[in-house]
Structure formats: C-alpha cells, structure tokens
Amino acid sequence: QVQLVESGGGLVQAGGSLRLSCVVSGRTASIYNMGWFRQAPGKERDVVATITWNSITYYVDSVKGRFTVSRDDAKNTVYLQMDSLKPEDTGVYYCAADRNWPLNPVRVSNWGQGTQVTVSS
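Residues numbered from 1 in each chain as written. Predicted model: local features only at pLDDT ≥ 70, side-chain atom pairs only at ≥ 80, totals over all residues. Heavy atoms only, no water.

Visitor: Which residues make up the pattern of salt bridges, and what values do they have?
Guide: Two side chains with opposite charge may pair up if their charged atoms get near one another. Under the defined criterion, the tally for this structure stands at four salt bridges. Put simply, Asp-61 and Lys-64 hold a salt bridge, and the shortest N to O gap is 2.9 Å. Here Asp-61 falls in the exposed class, since its relative accessible area comes to 61%. In this structure Lys-64 comes out as partly exposed when scored by relative accessible area, which is 48%. Three or more residues are tied together by salt bridges with common partners; here these are Arg-38, Arg-66 and Asp-89. (Salt bridge = Lys/Arg side-chain N within 4 Å of Asp/Glu carboxyl O. Buried < 20%, exposed > 50% of the residue type's maximum accessible area, 1.4 Å probe, protein only.)

Visitor: Describe unusual backbone geometry, listing the residues and the values that go with them.
Guide: For the bond running from Trp-101 to Pro-102, omega is 0 degrees, close enough to zero to count as cis. Looking at the secondary structure, you find Pro-102 in the loop between β9 (91-98) and β10 (110-111). (Helix = DSSP H or I, 4+ residues; strand = E, 2+ residues; numbered from the N terminus.)

Visitor: Could you give an account of the layout of surface pockets, with specific residues and numbers?
Guide: If a probe as big as a water molecule is rolled over the atoms, it shows which places are left empty. Put simply, the largest pocket is a space of about 220 Å³. Around the largest pocket, the lining residues are Arg-38, Ala-40, Lys-43, Glu-44, Asp-46, Val-47, Val-48, Val-60, Ser-62, Pro-87, Glu-88 and Thr-90. A per-element tally of the lining of the largest pocket places strand β5 (residues 46-51) first, with three residues. Looking at the lining of the largest pocket residue by residue, the classes come out as five nonpolar, two polar and five charged. (1 Å grid on protein atoms, 1.4 Å probe; cavity = no way out; pocket = protein on both sides within 12 Å on 5 of 7 lines; lining within 4 Å. Points joined across faces, edges and corners; volume = space filled by probe spheres on them. Nonpolar A, V, L, I, M, F, W, Y, C, P; charged D, E, K, R; others polar.)

Visitor: Describe the packing of aromatic side chains, and please don't skip the residues or the numbers.
Guide: Here the distance between the centres and the angle between the planes together describe a pair of aromatic rings. Going through the model one piece at a time under the given rule, you end up with two aromatic pairs. Ring centres of Phe-37 and Trp-111 lie 5.1 Å apart, and the angle between their planes is 75 degrees; this geometry places the pair in the edge-to-face category. Of this pair, Phe-37 sits in strand β4 (residues 33-39) while Trp-111 sits in strand β10, placing them 74 residues apart in sequence. For the pair Tyr-94 and Trp-111, a centre-to-centre distance of 6.4 Å together with 85 degrees between the ring planes defines the contact as edge-to-face. Note that Tyr-94 is positioned in strand β9 and Trp-111 in strand β10, a separation of 17 residues in sequence. Taking the relative accessible area as the measure of exposure, Trp-111 reaches 26% and is therefore partly exposed. (Phe/Tyr/Trp six-rings, centres within 6.5 Å; stacked < 30°, edge-to-face > 60°.)

Visitor: Summarise the sheet that holds strand β8 (residues 77-82); cite the residues concerned and give the values.
Guide: Taking strand neighbours across the sheet as the criterion, the four strands line up as β1-β3-β8-β7 in an open arrangement whose pairing is antiparallel. Edge strands, defined here as strands with exactly one partner in the open sheet, are β1 (3-7) and β7 (67-72). Recorded for the sheet is a direction-independent mean angle of 15 degrees between the axes of neighbouring strands. Pairing of β7 with β8 involves six bridges; the strand directions are antiparallel. (Pairing = 2+ DSSP bridges. Axes fitted to C-alpha atoms, helices over the stretch in contact; angles between N-to-C directions.)

Visitor: Now, about the pairing of strand β3 (residues 18-25): what can you tell me, with residues and values included?
Guide: Pairing between β1 and β3: five bridges, direction antiparallel. When the bridges of β3 are listed, Ser-7 appears paired with Ser-21. Two strands pair when backbone bridges link them, and β3 and β8 are joined in this way by six bridges, in the antiparallel orientation. Following the sheet pairing, Leu-20 is matched in β8 by Leu-80.

Visitor: Give a detailed account of the side chain of Arg-71, specifying residues and quantitative values.
Guide: With respect to the secondary-structure elements, Arg-71 resides in strand β7. For Arg-71, a relative accessible area of 13% corresponds to the buried category. For Arg-71, the side chain forms a polar contact with the main-chain oxygen of Ala-29, separated by 2.8 Å. A distance of 3.0 Å separates a polar side-chain atom of Arg-71 from the backbone oxygen of Tyr-32. (Polar contact = N/O pair within 3.5 Å; in protein donor to acceptor, adjacent residues only side chain to side chain.)

Rendered as structure tokens:
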C-alpha cells in the first residue's frame, strides 16, 4: 500500500505564506493523480487543489490566484504553496493519491494523516 506523509503546516497571520509537502512512499508517485483536501472545523473534507499524473491542475474557486499545487516525481513529493492566507483557510490539510480521476473525498483510496494550518486575523 502507498503511504503519504504531509508536513509544513503551522500557525501564521493573515497575509502570510506556507508550503505544504506530501512525500509518497511504497509506490512510485508518478503513477498517481494527487490532491490536497481541507477539513475546516465543523465541516466535511473537501477538495482544495488537485494535480494529475501529467501535471494538469485544478483549484477550488476560493484559492485561485493564491495557492499553487505542483509535483516533483523524482523526489516522490507533491507541494501546495499557499500565499495571501486568510482565516477561512484554517483547517487540517490532507494529501491524497489515487489512480482514478477525478479525485473524490469519498472514494479516494490513499490519505495522509493531515497537517494543521491555522491562520489568525
């Protein structure tokens, strides 16, 4: 089974930046579609950004122009660069991997354990 480990979360002030990393092990990252999902307090887990095996990207409207998802398959790593952070970006961010497309939070087979992002006003 593939393993996913997220890192890079933390506490930042509004307007600040963070870069999240997701390291893939157990399998070759290049064969997977990857994504970042967020679970805000009291809400369901939902998509933030996704990137296909051939680097086609998708962003939820609320983060367009502020977040950038990328992948470096030579390092088995996927990144989420988050700029101009807002308090509403607060939540637990989860990395996901699946051979199927599109990524669905109900059907995704492989999840990381999550990393907390807190944005203060």
